[in-house]
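Inside the fold
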Amino acid sequence: QVQLVESGGGLVQAGGSLRLSCVASGSIFSISAMGWYHQAPGKQRELVARITSSGTTNYADSVKGRFTISRDNAKNTVYLQMNSLKPEDTAVYYCNADLQTSILRGTFNYWGQGTQVTVSS
């Protein structure tokens, strides 16, 4: 069984920073891409940032220059450093990973439970 557990969310004033972490645990053979998505109330879940196992990254236009995604492959962990936060960044942030649980199985997509980020004006 695989679990993705996020941490680091909270309440911060506009202009502040937060660092989110997500650890993947359980029966893991390999992890390809890992990423962060967010979902604001009444809106669809959207990609924030994504990083491949080789370190290639992509970002939503709304966070370019403010957010940085990174990963520690040895620890099966992905991070999201969020700077210059804005009230419109307020959302639940979800960790996502494409991984294999066995060399005999294909790659499947997994989600964490989410962590709330609230940015006050």
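Everything in this summary refers to the structure shown in the same document. Since this is a predicted model, take the numbers as computed values, not measurements.

Turning next to the pattern of salt bridges. Within this structure, the stated rule accounts for three salt bridges. Between Asp61 and Lys64 there is a salt bridge, with its nearest N and O atoms 3.1 Å apart. The residue Arg66 makes a salt bridge to Asp89 at a minimum N-O spacing of 2.8 Å. With Arg66 in the loop between strand E6 (57–59) and strand E7 (67–72) and Asp89 in the loop between strand E8 (77–82) and strand E9 (91–100), the pair connects residues that are 23 residues apart, well separated along the chain. We classify Asp89 as buried; its relative accessible area is 3%.

Right, let's talk about the pairing of E9 for a bit. Counting buried residues along E9, nine of its ten residues qualify, which places the element largely inside the surrounding structure. By the bridge criterion, three bridges tie E9 to strand E11 (residues 115–120) in an arrangement that is antiparallel. Bridging across to E11, Tyr93 finds its partner in Thr115. Sheet analysis places E9 next to strand E10 (residues 108–111), joined by four bridges and oriented antiparallel. Paired with Asn96 across the bridge in E10 is Trp111.

For the rest of this paragraph, the subject is the state of the cysteines. One pass over the full model with this rule turns up one disulfide. A sulfur-sulfur distance of 2.0 Å marks the disulfide that ties Cys22 to Cys95. One disulfide, between Cys22 and Cys95, carries an S-S torsion of -85° and so falls in the left-handed class. In this pair, Cys22 is assigned in strand E3 (residues 18–26) and Cys95 in strand E9, connecting sequence segments 73 residues apart. Each of the two residues, Cys22 as well as Cys95, counts as buried.

With a phi close to 50°, Asn76 is a non-glycine residue in the positive phi region. Turning to its location among the elements, Asn76 is positioned in the loop between E7 and E8. Backbone geometry places Ser84, a non-glycine residue, at a positive phi of 50°. Position of Ser84 among the secondary structure elements: in the loop between E8 and E9. According to the relative accessible area criterion, Ser84 is partly exposed, its value standing at 42%.

Once that is clear, we can look at the nonpolar core. One finds Trp36, Val48, Phe67, Val78, Leu80, Met82 and Tyr93 to be the most contacted residues of the largest nonpolar core, which totals 29 residues. Among the secondary structure elements, those contributing two or more residues to this core are strand E1 (2–7), E3, strand E4 (30–39), strand E5 (46–51), E7, E8, E9 and E11. In terms of residues, this core owes the most to one element, E9, which gives five residues. The residues contacting Met82, other than those within four sequence positions of it, are Gly16, Ser17, Leu18, Leu20, Arg66, Phe67, Tyr93 and Val117.

What counts and what doesn't
- Think of each chain on its own: its residues are numbered from 1, step by step along the sequence as written.
- Local features in a predicted model are, by the rule used here, given only for residues with pLDDT of at least 70; side-chain atom pairs are given and counted only at 80 or more, and totals for whole chains, interfaces and linings are based on all residues.
- Side-chain calculation: all heavy atoms of the structure are included, whereas hydrogens and water are not.
- When a carboxyl oxygen of Asp or Glu lies within 4 Å of a side-chain nitrogen of Lys or Arg, that pair is called a salt bridge.
- What counts as a helix is a DSSP run of H or I of at least four residues, what counts as a strand is a run of E of at least two, and both are numbered from the N terminus.
- The buried label applies to any residue whose accessible area, calculated with a 1.4 Å probe on protein chains only, is under 20% of its type's maximum; exposed applies above 50%, and partly exposed to all values in between.
- Strands pair, by our definition, only if DSSP identifies at least two bridges between them.
- Note that a disulfide, as used here, is simply two cysteine sulfur atoms within 2.5 Å.
- The criterion is simple. A nonpolar core is a set of buried Ala, Val, Leu, Ile, Met, Phe, Trp, Tyr and Cys residues joined through side-chain atoms within 4.5 Å.
- Contacts are residue-level and defined by heavy atoms, with any inter-residue pair within 4.5 Å sufficient.

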